[in-house]
Amino acid sequence: MKFTLSWLKEHLDTQAGAAEIARTLTMLGLEVEALTDRAQALKPFVVARVVEAKPHPNADRLRVCMVDFGAAAPLQVVCGAPNARTGMKGVFAPAGSYIPGTKFDLKKGTIRGVDSNGMLLSERELGLSDEHEGIIDLPPDAPVGASYASYAQLDDPLFEIKLTPNRADCLGVHGIARDLAAAGLGKVIAQKTEKIPGKFKSPLGVDFALPPEHANACPLFIGRYIRGVKNGPSPAWLKRKLEAVGLRPISALVDITNYVTIGSDRPLHVFDADKVRGGVRVRFAKPGEALAALNDKTYELTDGMTAICDHERVLGLGGIVGGEGSGCTEATRNVFIEAALFDPKRTAATGRKLAIDSDARQRFERGLDPEFTAPGMELATRLILELCGGEPGEVVVAGKAPEWRRTIHLRQSRIAGLGGVDVPAPQAESILKSLGFTVTHAGDGFDVQPPSWRGDIESEPDLVEEVVRVHGFDNIPAVSMPAPAVTPEPALTPAQRRAGIVKRALASRGVMEAVTWSFMGKAQSTLFGGGQAALALANPISAELDQMRPSILPNLLAAAQRNADRGFPDLALFEVGPVYASDAPEGQSLHATAIRRGNNAPRHWDAKPRAVDAFDAKADALAVLSACGVPLANLQVDAKPPVWYHPGRGGVLRLGPTVLANFGEIHPRVLKRLDVEGPAVGCEINLSAVPLPKSKAGRARPLLKASPFQPVVRDFAFVVDEAVPAEQLARAARGADKVLIADVSVFDRFSGGALPQGKKSIAIAVTLQPVEATMSDAEIEAVSQKIVAQVAKATGGTLRG
Amino acid sequence: MNDVETLKSKWLGAVRAAGDLAALENLRVEALGKKGEVSGLMKTLGSAPAEERKALGAAFNALKDEVAAAIEARKADLGDAALDQKLAAERLDVTLPARPEPEGRLHPISQTIDEVVAIFGAMGFKVAEGPDIEDDFYNFTALNIPPEHPARQMMDTFYLPERQDGSRLVLRTHTSPVQIRTMLSQKPPIRIIVPGRTYRSDHDMTHTPMFHQVEGLVIDKTTHMGHLKGCLADFCRAYFELPDVPVRFRPSFFPFVEPGAEMDIGCSRKGGELKIGAGDDWLEILGCGMVHPKVLRHCNLDPAEYQGFAFGMGIERVAMLKYGIPDLRTFYEADLRWLRHYGFLPLEAPSLVRGLSPS
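Every chain begins its residue count from 1, and numbering advances along the sequence as written. Here every chain gets a letter starting at A, and every ligand a number starting at 1, in the order they are written. It should be noted that, the model being predicted, local features are given only for residues of pLDDT at least 70 and side-chain atom pairs only at 80 or more, the latter also being counted only at that level, while totals for whole chains, interfaces and linings use all residues.

**Considerations on the overall build of chain A**
Reasoning step 1: Where helices and strands are cited, they refer to DSSP runs of H or I of at least four residues and of E of at least two residues respectively, numbered from the N terminus. Across its full length, chain A holds 21 helices and 41 strands.
Reasoning step 2: Here the radius of gyration uses the C-alpha set of atoms, whereas the globule reference equals 2.2 Å times the residue count to the power 0.38. Its C-alpha atoms give chain A a radius of gyration of 42 Å, clearly above 28 Å, the size a compact globule of 801 residues would have.
Reasoning step 3: Its C-alpha atoms give chain A principal-axis dimensions of about 125 × 85 × 60 Å.
Reasoning step 4: Note on contacts: residues are paired as contacts if their backbone-placed C-beta atoms lie within 7 Å. In chain A, of all internal contacts separated by at least 6 residues, the share reaching a separation of at least 24 is 69%.

As C-alpha cells, then:
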C-alpha cells in the first residue's frame, strides 16, 4: 500500500512530520517498508527562463542559451533540445549537480568551442518519466528561481506500507488515518459522503441471476446513472496523486475510481452506459464465455465466476476487472457507476484461477467495509460531477449488506493477563472508541462492538491486541521466564543427543559436514531405491528437485564432484538428515551418511596416498555405530550390499535381524549415471534403527574385573577356500572357548604363492586371558586344539604347517 | 710389589687406549680372564713368602678391581660415543611436514541449532520434532489457516500428489505443525523448541526451497506477552554474545497467534556494513505472538484455562547475522572452501557455562 503525505493529509489533520508518522505506523503494526522523499534527488533543480536562444556557431543542431535561473546574472548553456527557444521556461541544472535520470555528475564544459555552465533538463533526465523528446516546457507563470520539486509539488514524501492480511481496512488512506488518530497523531477528517439527490429515474436497472445457494457471491449492488458527462484528462492534482503511487492516469472517469479505491478503500467501476444493453445483471459466467478485459487480455470464463453482465454479454468480472467493451472513452457521455460487495473467497479463487492481480481484487478478497458501499457511491458521484459535469440519476440498489454487527466481551483483567501490561479501563475504552468500536461497560469489563470496517476482530484476544497495540508494545514490561528448576533438565532426548554425537564423531574423523536438499531428481533417486509416485513433488521448482530423497548419497556424491571440478578431488563429506521411504510420518528416518572420494590423503613425502576403498567407508560406519553405543563385537557383516554399491565391495552391518548400516564402493554404473568420477565410497547409517540404550537410573558402572594373570597371545594361520569370509573364521575361533578367549583378530590374509588355486590363508591372533591361574603349556595346547577343531568344523580350514 | 705397579700402569694405559668395545673385550680377557695376566698374579701367591702373602694378596685384588673398574668406565665412554655417532647419523629434517590429518568441521546450521538449544534449554525448553511431510490439518487448518485464507498464498507451498480422497500432503512450510502435534500428545505445562527443515517453493537471492526454522511454544495458565518479550530478549542477548542487543516488538499478524508481533533487533548500517547491536536502525528477526484461541481449541485445550506464546525464527538468518555469512544459498552448496571457512571444529558443544561459540 502506497500513499503520499499530502494524500494522508486529506484524511488526517496532523502537524506530525513524515518521520514521526512512519515510526508511529510501524509501531501500530502498519510496517513502513520505505519512506522516500523524491524532492531530495531533485533539490538542485530550479525553474529557469531562457532569455535568449541563438544558433550555435559551430553546430547546426545545438543552440546557445542565456538562462536566467534567479541568480544575479544569467548563465550560458549549450542545449541540443529541438524545443529550446527564447522566452520559454524550463528546469535548469547548474554545473556540479547529479542528474538522477541519466545518473551522471554534471560538469562545466566546452561544447564545440562554446562554454556551457549547466543544462536544461528533460523529464527523463529528472527521472520522472521516459519523456526525452525535448526539455521540459513549463507554463509562462512558473516562478523563475523556485525549486522545481516544490513548484511541481513533488516534495511529497511517499510511504510504502507492508500490510498484514488482517488489516483490510488499511488498504485505504482513510483507514490508515484512523489508526494514526487513535495513536494520538491528529484528527480524522470526515469524507464527503453526503447524499446527492438523483434528478431522474435510472434508465438502467440491476438484477441478480445468481443461484440462490450462492447469493452471497454478490450480496449488494448499488448503481447510479449520470448523464451528460464530459470525459477527458484529469486535473493536475489528481494525476499527480495517482502518479506518485505508481498509477498511470488514464481519464478523469477512470482516475476517479482509482482515487476512491486508494483513498477510501472503495473499489468502483464506471460503465459507459450507452454500451450496456438492457440492464445490469449479476450472474455466474457460463462455460465458454470470454471477457476482453481492460488490461488488454482476454479471459476464458468458467462457472462460479461472478460476472457483471448486461442482458446479452459479460461486461466485467465482479471485484476483479472490467471489460473493454463497456469501458469509458473520451467519447463517453453517459455513465453507470457500480459500487458492490463481492464474496472474498470467490473473488480470491477467480482471481487466482485467471491470474489477475488488480487493486480491486486485492481489496475484495480481504473484505471491504460493507457499510461504505453507498457512501462510496456518493463520494464518486460528487467527484464525477465536479470534474466531468453531468446530471446524477437516482441510486439503484439491489440486495443488502450482510449482517456484520457482533458484540464481544472484553474482561479488563485480560488486558494484563494476556497482553502483559495493565492499561487502565478508561484508557482502554478511549483507545477502542478512537478506533471506531462501540464500547459499553458490562460486568468485569466491556461489551464491545467492532466497527463495520474491522471484519478481522473476532474474539477477546483481538480486542486485547487493539488496546495493547495502540497503547504501545514498547510499554509491555519484559519478564524473564520463571525457571522451572534451579538446574535445567536435559533439553534433548537420547536419540536427539545421539545425532549430535554422531556429527561430532564424523567431523573428528576429518569428514566435513554438509547440508543438502531433502529432494533430488527422480532419475537420481531411482538409482538409490526411490522414485515412488507418492514422493514426487506436484510443483517442484525444477526437474532436478522433484522427488523426496531415498538416500543422501546422491547429493553428497554430486557435491564431491562439484568440489573436484573446483580443484579439490580428495575429500570426505557427511550429512545427518532425513530420508523418505513413504509419505507417512513413519516413512521418514534419520540417516548419517558419509562419502569419501579420490585419495585417502594428500601427497606426502613419507606416506603414500592410496585410493579410498570400502574399508574407509566401513570404518566410518563403525565409528558412527560405536559413537551410538552399539557393541561392535555383536555386529554382523553381510557381503550383500544394496544395488548402488559395487556387488563385491560392499556390505551391510546388522545387529541380529536389524540392518543398521550399509557401506561400500559406489557402483561404477551408478557413478556414471550421476556424472561423478570415482573412486568414491560411502556408508549410510540408519540412526532411526539403531537401538537406544536401556534407560536406567544412575550412571554407576559395573566394577572393573582386571585379571592379575598375564594374557597369552597365540597366532594361527589357516588355509581355507577363497569364499570363506574372514569373519566366519574369527567367529568360529572365538567360540572355541567362551571363558578363556578374550579376543580374536585377523592380522593377515594372502593367496597365491605356494597355496593351491582357490585357497587363501587367514592368520588370526587369539588372546587367552587366564581367570584363575597362569596357564600351563598343556592347557594352552588344549585350547589351541579346540580352536583348530572349531575352525575346521565351521570353515573346512586347515592349520598351515 | 714393583710388578703390581708395572702391571697397573700397563693395563690402565691399555684400557685408556682401547679404541672400541671389541678391543676392550680383548683387553679384559687378556688381563682378567681365567688365563689373564692379572688373574695369573694370584697363582704366584703360593710361592711368595708367608709373611708377605697377605699384603700381596690385597695388592693383587686391588689391582684386579682397579683394572675391572677402568674397563667398565671405558666401556661406558665408548658406548656413549657410539650412541652419539649413531644418533648423529640418524638426523631427520624435522622441518618436513608431519603426516597429514584431515580436519572435519560442523556446518554452521548444526552449530547454530546447538547454540539455540543450549540457550532455550537453560530456560526449561525441550526439543520436539515432527515429520517434514505433513498433512493439511497440522500445517494449516489447526493453525487457523483455512483453505482460502490469504496466508496460504503468502506461503509458497510444495505439494505432494493428490491422493484418492482428493487430499494432498505438503512439505511443511514452517515448524509450527509440531506445536499442534505436541499439544495433542502432551499435557501443559509445555515448553518446547522445534529446530528443523522447512520448505517453500521459492528460489532466488534471498530464498531457498529448503531452510531451517526453530519454533518455540509455551503453554500454561499464566504466560503473557511480557514473558514473550522477556524470553526472546534474553535469548538475543545470550545468542549474539554482545554486550547490548536492543530488541523491539511491533504488532504484526500471523493466523495462529493473537496478539501477534514481529521482533526487531538493533543494528547499524553505517558505511553499508551491517552490525548487530545498539545502532540507529532495526532488523526483523522473528515472528511471534500469543497462541490463538482457535489453535488451542484445535488441540483440545480450553482457551479459558490455557494460554501461552509461540515464535518462529529462521536458523540460517540468525546464523548469517551472527557469523557474518553474506549469502543464504551458499549454505547448501557443500563447497569445501566455505565449509572450512564458516564451519566449526567438533571439539566442544556449545554451552552457556563453557561459552556458546569459539571466540
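**Points about the overall build of chain B**
Reasoning step 1: What chain B contains, in helices and strands, is 12 helices and 11 strands.
Reasoning step 2: At 43 Å, chain B has a C-alpha radius of gyration far larger than the 21 Å of a compact globule built from 359 residues.
Reasoning step 3: When the backbone C-alpha atoms are referred to their principal axes, chain B occupies close to 135 × 55 × 45 Å.
Reasoning step 4: Relative to its full complement of 359 residues, chain B shows a buried share of 43%.
Reasoning step 5: Restricting to contacts in chain B with at least 6 residues of sequence separation, those with at least 24 account for 67%. Here a residue counts as buried when 20 or more other C-beta atoms fall within 10 Å of its C-beta, as exposed when 12 or fewer do, and as partly exposed in between; the C-beta atoms come from the backbone.

**Here's the deal with the sheet that holds strand β27 (residues 438–442) of chain A**
Residues and elements named next belong to chain A.
Reasoning step 1: The sheet built from 3 strands is open, its strands ordered β26-β28-β27 with antiparallel pairing. The sheet terminates laterally at β26 (408–411) and β27, the two strands that pair on one side only. Pairs of neighbouring strands in the sheet enclose a mean axial angle of 30°, with direction left out of account.
Reasoning step 2: Alignment of β26 against strand β28 (residues 445–449), held across 4 bridges, turns out to be antiparallel. Residue pairing across strands places His409 opposite Asp447, the latter belonging to β28.
Reasoning step 3: Every axis corresponds to a line fitted to the C-alpha atoms, with the helix fit spanning only the stretch in contact, and the corresponding angles, defined between N-to-C directions, vary from 0 to 180 degrees. Seen against the sheet, helix α14 (residues 460–471) touches β26 and β28 and runs at an angle of roughly 60° to β26. By this definition, two strands are paired if DSSP reports at least two bridges between them.

**Some words on the interface of chain A and chain B**
Reasoning step 1: At the interface, 79 residues of chain A touch 68 residues of chain B.
Reasoning step 2: The greatest single-element share of the side of chain A that touches chain B, amounting to 7 residues, is contributed by helix α15 (residues 494–508) of chain A.
Reasoning step 3: The classification used treats Ala, Val, Leu, Ile, Met, Phe, Trp, Tyr, Cys and Pro as nonpolar, Asp, Glu, Lys and Arg as charged, and all other residues, Gly among them, as polar. Split into classes, the residues belonging to the side of chain A that touches chain B amount to 47 nonpolar, 19 polar and 13 charged.

**Re the sheet that holds strand β23 (residues 321–322) of chain A**
All names here are of chain A.
Reasoning step 1: On the basis of which strands lie adjacent, the open sheet formed by 5 strands has the order β15-β18-β21-β22-β23 and mixed pairing. Looking along the sheet, the strands with just one partner apiece sit at the ends: β15 (206–208) and β23.
Reasoning step 2: Relative to strand β21 (residues 306–309), strand β18 (residues 280–284) runs antiparallel, the two sharing 4 bridges. Note that in β21 the partner of Val282 across the bridge is Ile308.

**Section: the domain arrangement of chain A**
Reasoning step 1: How far each domain reaches was decided by an automatic or database domain assignment. If you check the domain split of chain A, you get domain 1 (2–37 + 157–188), domain 2 (40–151), domain 3 (206–399), domain 4 (408–475), domain 5 (494–686) and domain 6 (712–799).
Reasoning step 2: Computed from C-alpha atoms alone, the centre-to-centre distance between domain 4 of chain A and domain 6 of chain A is 84 Å.

**A few points about helix α8 (residues 177–185) of chain B**
Residue and element names in this part refer to chain B.
Reasoning step 1: Most of α8 is tucked away, with 7 of its 9 residues classed as buried.
Reasoning step 2: All of the buried residues in α8 are Pro177, Val178, Gln179, Ile180, Arg181, Thr182 and Met183.
Reasoning step 3: Structurally, α8 contributes buried residues whose contacts are with β2 (133–134), α6 (136–139), β5 (190–199), β6 (210–220), α10 (293–298) and β11 (307–314).

**Structural notes on the packing of helix α9 (residues 344–354) of chain A against helix α10 (residues 359–366) of chain A**
Residues and elements named next belong to chain A.
Reasoning step 1: Close contact between α9 and α10 brings their axes to 7 Å; oriented N to C, the two are set at 140°. Of the possible angle classes, the one that applies to α9 and α10 is oblique. Every pair of crossing elements has a handedness; the one defined by α9 and α10 is left-handed. Contacts between α9 and α10 involve Pro344, Thr347, Ala348 and Gly351 from the first element and Arg361, Phe364, Glu365 and Arg366 from the second.
Reasoning step 2: Classifying every residue of the contact of α9 with α10 by side-chain character gives 3 nonpolar, 2 polar and 3 charged. Any angle that falls under 35 degrees is termed roughly parallel, while one over 145 is termed roughly antiparallel, one within 65 to 115 roughly perpendicular, and all others oblique. The hand of a helix crossing depends on one turn: near helix anticlockwise from the far one by less than a right angle means left-handed, and clockwise means right-handed.

**Describing the nonpolar core**
Reasoning step 1: Core membership is restricted to buried Ala, Val, Leu, Ile, Met, Phe, Trp, Tyr and Cys residues, and these are joined into a nonpolar core through C-beta atoms within 7 Å. Core analysis: the biggest nonpolar cluster contains 165 residues, and A:Val335, A:Val467 and B:Cys288 have the highest contact counts within it.
Reasoning step 2: Counting residues per element, this core draws most heavily on helix α9 (residues 225–240) of chain B, which supplies 8 residues.
Reasoning step 3: Ignoring sequence-local partners within four residues, the contact set of A:Val335 consists of A:Ile226, A:Val229, A:Leu253, A:Val270, A:Phe271, A:Asp272, A:Ala273 and A:Cys328.
Reasoning step 4: Grouped together as the second largest cluster of nonpolar side chains are 75 residues, A:Val511, A:Ala623, A:Phe663 and B:Leu339 included.

**Describing the pairing of strand β13 (residues 158–162) of chain A**
Residues and elements named next belong to chain A.
Reasoning step 1: Side-chain alternation along β13 places Phe159 and Ile161 on a buried face and Leu158, Glu160 and Lys162 on a face that remains uncovered.
Reasoning step 2: As judged from the 3 bridges shared by strand β1 (residues 2–4) and β13, these two strands associate in the antiparallel manner. What sits directly across from Lys2, in β13, is Glu160.

**Some remarks on the domain arrangement of chain B**
Reasoning step 1: Taken domain by domain, chain B holds domain 1 (2–89) and domain 2 (108–342).
Reasoning step 2: Taking only C-alpha atoms, the centre of domain 1 of chain B and the centre of domain 2 of chain B are 91 Å apart.

**Structural notes on unusual backbone geometry**
Reasoning step 1: Between A:Gly678 and the following residue, A:Pro679, the backbone shows a cis peptide bond with an omega angle of -5°.
Reasoning step 2: Topologically, A:Pro679 is positioned in the loop between α19 (668–674) and β37 (680–686).
Reasoning step 3: Of note, the bond from B:Glu258 into B:Pro259 is cis; its omega dihedral lies within 30 degrees of zero at -5°.
Reasoning step 4: By the element assignment, B:Pro259 lies in strand β8 (residues 257–268).
Reasoning step 5: Its identity is not glycine, yet A:Asp296 carries a phi of approximately 70°, on the positive side.
Reasoning step 6: When you line up the elements, A:Asp296 lands in the loop between β19 (290–292) and β20 (298–300).

**A closer look at the environment of A:Val791**
All names here are of chain A.
Reasoning step 1: With respect to the helices, strands and loops of the structure, Val791 is situated in helix α21 (residues 777–795).
Reasoning step 2: For the pair Val791 and Val720, spaced 71 residues apart in sequence, the C-alpha separation works out to 9.5 Å.
Reasoning step 3: With residues near it in sequence (within four places) discarded, Val791 still touches Phe718, Leu729, Ala732, Ala733 and Gly797.

**Description of the environment of A:Thr373**
Residues and elements named next belong to chain A.
Reasoning step 1: Tracing the backbone shows Thr373 in helix α11 (residues 373–388).
Reasoning step 2: Using a count of 22 C-beta atoms within 10 Å as the deciding quantity, one classes Thr373 as buried.
Reasoning step 3: Residues Thr373 and Leu268 lie 105 residues apart in sequence; the distance between their C-alpha atoms is 9.3 Å.
Reasoning step 4: When residues no more than four places from it in sequence are discounted, the contact partners of Thr373 are Leu220, Ile222, Ala339, Ala340, Leu341 and Ala401.

**Some remarks on helix α13 (residues 425–434) of chain A**
All names here are of chain A.
Reasoning step 1: Among the residues of α13, those classed as buried are Ala428, Glu429, Ile431 and Leu432. Viewed end-on, α13 has its buried residues packed into an arc of 160°, placing them on one side of the element.
Reasoning step 2: Looking at the buried positions of α13, the neighbouring elements they touch are α6 (173–182), α12 (412–419), β27, β28 and α14.
Reasoning step 3: Of the residues trailing α13, Gly436 is marked for its positive phi of about 100°. The directions from the helix axis to the C-beta atoms form the arc being described.

**Details of the packing of helix α2 (residues 21–32) of chain B against helix α4 (residues 50–89) of chain B**
Residues and elements named next belong to chain B.
Reasoning step 1: Between α2 and α4, whose axes approach to 10 Å, the crossing angle comes to 170°. By the angle between their axes, α2 is roughly antiparallel relative to α4. Across the interface between the two elements, Leu21, Leu24, Leu27, Arg28, Ala31 and Leu32 of α2 pack against Lys64, Val67, Ala68, Ile71, Arg74, Lys75 and Leu78 of α4.
Reasoning step 2: For the contact of α2 with α4, the residue count by class is 9 nonpolar, no polar and 4 charged.

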